[in-house]
Amino acid sequence: MEFDKVFEKVKEIIVEQLGKDEDEVTLQTSVKDDLDADSLDLYQIITEIEDEFGVQFDDPEAIETVEDVVKFVHENA
């Protein structure tokens, strides 16, 4: 799947899970710091992304930015 398409779907999931505006989610956005996602939020986001793309994150807590998520999915889906 193309990088841009992965990003758009990941952004859609994050916006839906956290109730944020789309313009708040960029590749450089920190999931924890910029979007105020706590451990439960992160778990829900990662679970939905894993289900959507058929991937398995080894260490979801290591994710810092939206780009980290998109790169992982792009390389492993």
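Residues numbered from 1 in each chain as written. Predicted model: local features only at pLDDT ≥ 70, side-chain atom pairs only at ≥ 80, totals over all residues. Heavy atoms only, no water.

Participant: Looking at this model, I keep getting lost on the side chain of Asp-41. Mind explaining?
Facilitator: Turning to its location among the elements, Asp-41 is positioned in helix H2 (residues 39-53). One buried charged residue, Asp-41, forms no salt bridge at all, with the nearest opposite charge on Lys-20 at 8.1 Å. (Helix = DSSP H or I, 4+ residues; strand = E, 2+ residues; numbered from the N terminus. Buried < 20%, exposed > 50% of the residue type's maximum accessible area, 1.4 Å probe, protein only. Lys, Arg positive; Asp, Glu negative; His and termini not counted. Salt bridge = Lys/Arg side-chain N within 4 Å of Asp/Glu carboxyl O.)

Participant: What am I meant to see in the environment of Asn-76 here?
Facilitator: Mapping Asn-76 onto the fold places it in helix H3 (residues 66-76). A residue is classified by how much of its surface remains accessible, and Asn-76, at 43% relative accessible area, is partly exposed. Separated by 23 residues in the primary sequence, Asn-76 and Phe-53 place their C-alpha atoms 8.9 Å from one another.

Participant: What is the right way to read the packing of helix H1 (residues 3-18) against H3 from this model?
Facilitator: Two measures define how a pair of helices packs: the angle their axes make with one another and the distance between the axes. Where H1 meets H3, the axes come as close as 9 Å, and the angle between the chain directions of the two elements is 125°. One way to sum up the angle between H1 and H3 is to call them oblique. For the element pair H1 and H3, the recorded crossing hand is right-handed. When H1 is examined against H3, the residues Phe-3, Val-6, Phe-7, Val-10 and Ile-14 are found in contact with a partner set consisting of Val-66, Val-69, Val-70, Lys-71, Val-73 and His-74. Per-class residue counts for the contact of H1 with H3 are nine nonpolar, one polar and one charged. (Axes fitted to C-alpha atoms, helices over the stretch in contact; angles between N-to-C directions. Parallel < 35°, antiparallel > 145°, perpendicular 65-115°, else oblique. Left-handed = near helix turned anticlockwise from the far one by under 90°. Contact = heavy atoms within 4.5 Å. Nonpolar A, V, L, I, M, F, W, Y, C, P; charged D, E, K, R; others polar.)

Participant: Just checking my understanding: could you explain the confidence of the model for the protein chain for this structure?
Facilitator: Regions with low pLDDT should not have their predicted coordinates read in detail. Of all residues in the protein chain, 100% attain a pLDDT of 70 or more, and the chain-wide mean is 95. When pLDDT is averaged over each helix and strand of the protein chain, the minimum, 95, is found for H2 and the maximum, 97, for H1. (pLDDT = per-residue confidence, 0-100.)

Participant: Can you help me understand the side chain of Glu-50 in this one?
Facilitator: Structurally, Glu-50 can be placed in helix H2. Buried Glu-50, no salt bridge; nearest opposite-charge side chain is Lys-32, N-O distance 14 Å. Beyond its immediate sequence surroundings of up to four residues, Glu-50 is in contact with Val-55, Gln-56 and Phe-57.

Participant: Whenever I open this one, H3 confuses me. Can you help?
Facilitator: Structurally, the α-helix is built with 3.6 residues per turn, so residues lying three or four positions apart point the same way. Looking only at H3, the buried set comprises Val-66, Val-69, Val-70 and Val-73. When H3 is viewed along its axis, its buried side chains cluster within an angular range of 95° and face the same direction. On its buried face, H3 sits against H1 and H2. (Arc of directions from axis to C-beta.)

Participant: What am I meant to see in the pattern of salt bridges here?
Facilitator: It is possible for side chains of opposite charge to pair when their charged atoms get near one another. Here the structure, examined in full by the defined rule, presents three salt bridges. Of the charged contacts, one joins Glu-8 and Lys-11 as a salt bridge, the two residues approaching to 3.9 Å between their closest N and O atoms. Separated by three residues within a single helix, Glu-8 and Lys-11 lie in helix H1, roughly one turn from each other. With relative accessibility at 41%, the residue Glu-8 sits in the partly exposed group. The partner of Lys-9 in a salt bridge is Glu-12, with the nearest N and O atoms 2.9 Å apart. Separated by three residues within a single helix, Lys-9 and Glu-12 lie in helix H1, roughly one turn from each other.

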